[in-house]
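Here is what each chain is made of, one letter per residue.
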Amino acid sequence: MQLHVSPSLRHVTVFPGKGVREFIKVRIGSRWVSYRMLFYSLLFFTFLLRFIFVFSTVDTIDGDLSKCSTIGIYYLIINLLYTLKVIYQILDEAISEEEVEPKSDIPQTLHDFMADIKQTTPDAKAFALKLRQMVLLLEQRTRKAKIQEYLYRHVASSSIPKHLHCLALKLANEHSNNAAARLQLPSADLIPTLVDNSYFHFVLASDNVLAASVVAKSLIKNALRPRKFVLHIITDRKTYAPMQAWFSLHPLAPAVIEVKALHQFDWLSKGKVPVLDAMEKDQRVRSKFRGGSSAIVAKNNTEKPQVIAAKLQALSPKYNSLMNHIRIHLPELFPSLNKVVFLDDDIVIQTDLSALWDIDMNGKVNGAVETCRGEDSFVMSKRFKSYLNFSHPLIANFDPNECAWAYGMNIFDLEAWRKTNITLTYYHWLEQNLKSDLSLWQLGTLPPGLIAFHGQVHVIDPFWHMLGLGYQDNTTLSDAETAGVIHFNGRAKPWLDIAFPQLRPLWAKYIDFSDKFIKGCHIRVS
């Protein structure tokens, strides 16, 4: 006798032994089988196969079984299959509110469940109901634990670590007491290089001194012609003194380093600046409609943990940081430059980036890596629908399946940019999102960037930008080492305790842990 179950679990066929062609087939209603139903079915089959094994053995050993006994076996199997169908129907019923409420008599573990079944020997319906209650309880506990994990990660990633705060304070003190920490960057004789388009110009916007030091050091250390590299570091008013002190005391010659605060740019200090206005409005809207992290967790009893995690991420301070929005003003910030490479402060450069200037942009403004194609389906599966709300009529005109691209390491042709209305388009869509109570997208500068740069993106090789090192640990160390630039985008930044330990050394190797400021603030390898 043989038992055949189709892969979709829609057909169960029983073949008698000894070459008899007649068979018994039971058809279960066509439906999509979820992971939960698959679990239920496999669990039941562990009970069913015990009987099938006995019947198959009897049929093989005793070839002289009477026709009557064989029919009895088939009759019993039909009853078992009917029982399976009853259990399937019970498990497939909609979950009621009463079932969601915790009960004291629900088995807490598989061992308790098996002991209860052996003691009470329930019928098929009672068995299915108890199994259903137990799985629901475990689902609730798993969901609660996952949400707590996301909440703790949100708190950890949103807070300023003590060692970073310490470093900024020590450098600020050094800036005020030590003339060597107040050197003009760059020196007077190198100022002409800041507007010389024969140099390779990189822009880094950051208010994190430690992160900026790693980006700068990794960029220059891996450069084949460092004397042709100019790094423009933009920071805010409060971080300017610590940033200047660090790069005055830790020069990266022969490369040229410029440290400048936003308030030192003429155009930013005159009149009303759209980026500041947009940030102020965005902060008010988020405060009104989002609530705090505790409110987000408390109000969502049915949403998936991943959805709640996305809403928590919308509260991240970086989305209200001027450093995160300033890239949209690159043409105004550097009116004399034709091309720059923009760098986020959570990246590490592992190769010479001067080759980026050899890429033909074909008249496009933004050179970026696409994020919908690649071996890592978790990271490289982002399309417009991953970021934009296509149920809104304003978004419906775009293609939801269009491939998204990455911020973090971008080539910007400023000459081509100045011929477009990209910046105005960016602010138009920011305003539309604010007017709609953040219903077009929930967080970040990438969604409006996808719209503003639409049709102006030149796709570059994925080698130049590997993403995801800050929100998933599937990336291996060997794979990350082969990329030109690695990006710790996500919550698990390499300077935080929640960083993935196997990936953090790629960032930490550009820190001198014997430096007096690093040692004084107890910044360690792990």
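Use the structure listed above.
Residues numbered from 1 in each chain as written. Predicted model: local features only at pLDDT ≥ 70, side-chain atom pairs only at ≥ 80, totals over all residues. Heavy atoms only, no water.

Peer 1: Kindly report on the nonpolar core, identifying the contributing residues and their values.
Peer 2: If you look at the biggest cluster of nonpolar residues, it comprises 70 residues, and the most contacted ones within it are Phe202, Phe247 and Leu343. Tallying contributions element by element places helix α7 (residues 209-221) first for this core, with nine residues. With 41 residues, the next largest nonpolar core counts Leu262, Met323, Leu414 and Val457 among its residues. (Core = buried A, V, L, I, M, F, W, Y, C linked by side-chain atoms within 4.5 Å. Buried < 20%, exposed > 50% of the residue type's maximum accessible area, 1.4 Å probe, protein only. Helix = DSSP H or I, 4+ residues; strand = E, 2+ residues; numbered from the N terminus.)

Peer 1: Could you give me a rundown of the sheet that holds strand β10 (residues 409-413), with the residues and numbers involved?
Peer 2: Read from one edge of the open sheet, seven strands run β6-β5-β4-β7-β10-β9-β11, paired in mixed fashion. Two strands close off the open sheet at either side, each with one partner strand: β6 (256-261) and β11 (457-459). Taking each pair of neighbouring strands and ignoring which way they run, the sheet shows an average axis angle of 25°. Of the strands in this sheet, β4 (200-205), β5 (229-235) and β7 (339-343) are in contact with α7, which crosses β5 at around 170°. On the sheet, helix α8 (residues 237-249) packs against β5 and β6 and is oriented at approximately 160° with respect to β6. (Pairing = 2+ DSSP bridges. Axes fitted to C-alpha atoms, helices over the stretch in contact; angles between N-to-C directions. Contact = heavy atoms within 4.5 Å.)

Peer 1: Could you give me a rundown of the state of the cysteines, with the residues and numbers involved?
Peer 2: The tally for this structure, following the rule as stated, stands at two disulfides. Covalent S-S linkage joins Cys166 and Cys521, the inter-sulfur distance amounting to 2.2 Å. Of note, the bridge from Cys166 to Cys521 carries an S-S torsion of about -80° and is left-handed in sense. Taken together, the residues Cys166 in helix α6 (residues 162-177) and Cys521 in the segment after α21 (516-520) connect sequence positions 355 residues apart. (Disulfide = S-S within 2.5 Å.)

Peer 1: Describe the side chain of Arg327, and please don't skip the residues or the numbers.
Peer 2: Relative to the assigned elements, Arg327 resides in the loop between α13 (322-325) and α14 (330-333). Arg327 sits in the buried class, given a relative accessible area of 4%. Engagement of the side chain of Arg327 in a polar contact is seen with the side chain of Asp344, the distance being 3.4 Å. Each residue touching Arg327, except ones within four places of it in the same chain, is listed here: Phe342, Asp344, Tyr407, Gly408, Trp417 and Thr445. (Polar contact = N/O pair within 3.5 Å; in protein donor to acceptor, adjacent residues only side chain to side chain.)

Peer 1: Before we move on, can you summarise the packing of α6 against α8 with the specific residues and values?
Peer 2: Each pair of packed helices can be described by the angle between their axes along with the distance between the axes. Contact pair α6 / α8: the axes reach a minimum separation of 8 Å and the direction vectors enclose 75°. Classified by the angle between their axes, α6 and α8 sit roughly perpendicular to one another. Contact with α6, carried on its side by Leu167, Ala168, Leu171, Ala172, Glu174 and His175, involves Ala241, Pro242, Gln244, Ala245, Trp246 and Leu249 of α8 and no other residues of that element. Looking at the contact of α6 with α8, its residues break down into nine nonpolar, two polar and one charged. (Parallel < 35°, antiparallel > 145°, perpendicular 65-115°, else oblique. Nonpolar A, V, L, I, M, F, W, Y, C, P; charged D, E, K, R; others polar.)

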